[in-house]
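Working through the structure, step by step
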Amino acid sequence: MKIKIFSLVILLLFISKVTAQEFKLGKVSIAELEQKVHPKDSSAAAAILYKRGKARIEYDQTDGFVTITDVETRIKIYKKEGYDWANHEVLYIYNSEFREKVTFSDAVTYNLVGGKVEGTKLKSDGIFDEVVSKYRSQKKITMPNVKEGSVIEFKYTIKSPSDGMIRDWDFQTSIPVNYSEFSTYVPEYYVFSPRQKGYIFPKMTVEKNNKAIIINSKERYNSGGFGGGAVRTEFTQDKFDYLETKTTYIAENFPAMKEEAFVNNIDNYTSSISHELSMTKFPNRPMKPYSTDWNSVVKTIYDYDDFGPELNKTGYFEDDLKKLLTGLNTPEEKIWAVFNHVKSSVKWNNYTGYSCDNGVRKAYKEKTGNIADINLMLTAMLRYSGLTANPVLVSTRSNGIALFPNRTAFNYVIAAVETPNGYILLDASEKLSTPNILPLRVLNWSGRLIRKDGTSEEINLMPEKTSNDNVFMTYSIDADGKVTGKARRQSTDYNAMITRDNISSLKEEEYLEKLENRNNKIEISEYVKTNEKDILQPITETYSFTGTNLCELIGGKIYVSPMLFFTKDKNPFTQEVREYPVDFSYPFTDKFNITIQIPEGFTVETLPAPAAVSMEGNLGTFKFNIAASANVLQLSILHQINEAIVSPEKYEMLKEYYKAMVAKETEKIVLKRI
């Protein structure tokens, strides 16, 4: 299945002259403080009144060309729910080889007191540094004296020793943005490829300016003679003229990005601009191209010391694998044995990345490592076992979709084994994962497989096989509306992995309490689970239940939704128009077989009619059948979605499908006294 990009990428940028509005820190108006609601979004808890960023590649006498980014922001707080916007954090890289520096300034909270503007400055105790990972830290601020109606302002500067890294800029966020401006200042020695994504786009202007670099230097000389003579110092100054390109993007009155049901990662669809360095061309040096297509990107990554060379190390595991593989002949046996060996030998430390942290040898010895340590080790062991195995670069859901060729598009790696029937995808960091059942964090459209010879190909990560939930339920209703019954739920593949994860993350008592509360406050007893540890098999949960609020008694009649707590009573799709794809993560089939015993002295007055709904293109099917025999009712329900990702063009059809399904499942059986 070829995953489409669903019009995320615009091919042509809007080019027009835009006059930048004049904003200045410290010039907060009474009108801004008096405003009670956002004029275009009354539901907004806060809004960005303006945000301006400048990314400049400048020459530093000590460090050469560096990148300096200045950002000024003014935010209006309308409601208590918007108080989180008074906190801000900036991620930066800080390790022995690469150190960025972040500084905050001009941070003030403004309030209207007695009709006058009153400011409260941020003090040092409101600024924090936090270590996020081995390579990243973040500087945070918490603004003081924030109230409903406050306006906050702050500025920060990021100095990066890199001359080839311009940070991404978002023109949209989860609150309205009144004005957003981002400018880049790039010397003629650098060529960047700007990439825009989203559904609405800023306006762009370009101008060229003459610039110069002044390099000061000094040299000491001695006049010679006995003892070296007198020392004199000569100062020289060299000037280099160059052309600088200033590009400015301006967005005005961009709406909030609001979460919708079944959205992979809202950031994938947010209006933003990113810049990838594609070439440098310094005077008297040959032009140096960088990653311009996926093949060159993955070849660059494969050649990294902490990637490709790690795949060639085998000595640390050879003795263990020789014993493990004894008597195993089929590829399936070898894959399962090696996969389980890595899962049981090395624990994931919760760090992602396609580069090894500890290295495969150390990770194997110390029994812990990051994603690359674990899955590059897995790939090496699979190759040693005689299988055709290669790493697959992945961008996780939280990292966003890898739309454009660049080295930072990926943050994860898994293993793939080539077989006559296709690829088998493996991730040994997840204990509950099985071949071709990857952790949900990995299901992000497509990855990039890299072979030893440097060639690569796109690999579909989205499951095509349906994951099943089969529910068998019998229950009886007494004359007072009390329901007593038994339920059996069997789950396969992704549904099974999710169920096992839910069970393993809680004590059984806590798990059952959550199950009871989620299912209309029923009481569960005789709970049994089967194949909890045998992850290649479907997992089955069986339990007895009673419920006193599953029926309604009105005028001597009993009203009951036949599916009880399995009823889907809300349509998750309520938007008039949906611009983003619907992401179900994986295809699925839900089947219900339900037997209902009606109480003595009652008969059926009303039954829901059978129904069948099918979507075009075999996207999905819903079937509802019910039959009555004496005092027993028999139901059969099917709900099947056959595509993991549904394009926005099919949204209206999907919305109507769910509307019909919810309407049918919420129809009541009406029982009356004889």
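Further up the page is the structure itself.
Attention here is on the structure that accompanies the text. (Residues numbered from 1 in each chain as written. Predicted model: local features only at pLDDT ≥ 70, side-chain atom pairs only at ≥ 80, totals over all residues. Heavy atoms only, no water.)

1. Topic: the overall build of the protein
Scanning the protein from N- to C-terminus turns up ten helices and 36 strands. For the protein, the share of sequence-separated contacts (at least 6 apart) that also reach a separation of at least 24 residues comes to 72%. As displayed, the protein offers around 33,400 Å² of accessible surface, 49% of which is attributable to carbon and sulfur atoms. (Helix = DSSP H or I, 4+ residues; strand = E, 2+ residues; numbered from the N terminus. Contact = heavy atoms within 4.5 Å. Areas by Shrake-Rupley, 256 points an atom, 1.4 Å probe, with all protein chains shown as cover.)

2. So, the packing of helix 5 (residues 331-345) against helix 7 (residues 371-384)
Viewed as axis vectors pointing N to C, helix 5 and helix 7 meet at an angle of 150°, and their least axial separation amounts to 10 Å. Our classification of the angle between helix 5 and helix 7 gives roughly antiparallel. Crossing of helix 5 against helix 7: the hand is right-handed. Along the contact surface, helix 5 presents Ile-335, Val-338, Phe-339, His-341 and Val-342, while helix 7 presents Ile-374, Met-377, Leu-378, Met-381 and Leu-382. A per-class count over the contact of helix 5 with helix 7 returns nine nonpolar, one polar and no charged. (Axes fitted to C-alpha atoms, helices over the stretch in contact; angles between N-to-C directions. Parallel < 35°, antiparallel > 145°, perpendicular 65-115°, else oblique. Left-handed = near helix turned anticlockwise from the far one by under 90°. Nonpolar A, V, L, I, M, F, W, Y, C, P; charged D, E, K, R; others polar.)

3. So, the pattern of salt bridges
Here the structure, examined in full by the defined rule, presents 27 salt bridges. Here Glu-58 makes a salt bridge to Arg-56, at a shortest N to O gap of 2.5 Å. Accessibility expressed as a relative area gives 18% for Arg-56, which makes it buried. For Lys-529, the salt bridge identified is with Glu-508, shortest N-O distance 2.8 Å. On the criterion of sequence distance, the pair formed by Lys-529 in strand 25 (residues 523-530) and Glu-508 in helix 9 (residues 508-518) is long-range, its members being 21 residues apart. (Salt bridge = Lys/Arg side-chain N within 4 Å of Asp/Glu carboxyl O. Buried < 20%, exposed > 50% of the residue type's maximum accessible area, 1.4 Å probe, protein only.)

4. A short note on the environment of Gly-119
On the secondary structure map, Gly-119 appears in strand 5 (residues 116-121). For Gly-119, a relative accessible area of 45% corresponds to the partly exposed category. Along the primary structure Gly-119 and Phe-588 are separated by 469 residues, whereas in three dimensions their C-alpha atoms are 55 Å apart.

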